[in-house]
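Each chain is listed here by its residues.
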Amino acid sequence: MPYGWTMTGTPYQHVLVQCETTNVVLVLVLNLDEHAVAGHHLLDLNKVYGLA
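Residues numbered from 1 in each chain as written. Predicted model: local features only at pLDDT ≥ 70, side-chain atom pairs only at ≥ 80, totals over all residues. Heavy atoms only, no water.

For this particular structure, what's the right way to read the side chain of Asn46?
Considering the arrangement of structural elements, one finds Asn46 in helix H1 (residues 45-49). Of note is the side chain of Asn46, whose polar atom sits 2.7 Å from the backbone oxygen of Thr22. (Helix = DSSP H or I, 4+ residues; strand = E, 2+ residues; numbered from the N terminus. Polar contact = N/O pair within 3.5 Å; in protein donor to acceptor, adjacent residues only side chain to side chain.)

Listed below in structure tokens is the structure:
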């Protein structure tokens, strides 16, 4: 299930999309004014925090 929130005072919206792999999420930063993806990152919490 994706989660999203808009940053107050900016045109940016952050969206987290859970992947099939446990503790891995796709992070998207959207520019709502330009209707474009401002950035993305595949966040693997298993690697970052040694969760696996």
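Whenever I open this one, the environment of Gly39 confuses me. Can you help?
Its place among the elements puts Gly39 in strand E4 (residues 36-44). As for Gly39 and Val24, which are separated by 15 residues in sequence, their C-alpha atoms are 17 Å apart. What Gly39 contacts, discounting residues up to four positions off in sequence, is Val27, Leu28 and Val29. (Contact = heavy atoms within 4.5 Å.)

Is there a simple way to think about unusual backbone geometry in this case?
Residues other than glycine predominantly adopt negative phi, and peptide bonds predominantly adopt the trans conformation. Look at Asn23: it is not a glycine, yet its phi comes out positive at around 65 degrees. In this structure, His35 is a non-glycine residue whose phi angle is positive, near 55 degrees. Within the secondary structure layout, His35 lies in the loop between strand E3 (24-31) and E4. Overall, the relative accessible area of 74% leaves His35 in the exposed class. (Buried < 20%, exposed > 50% of the residue type's maximum accessible area, 1.4 Å probe, protein only.)

These figures capture arrangement, not role.
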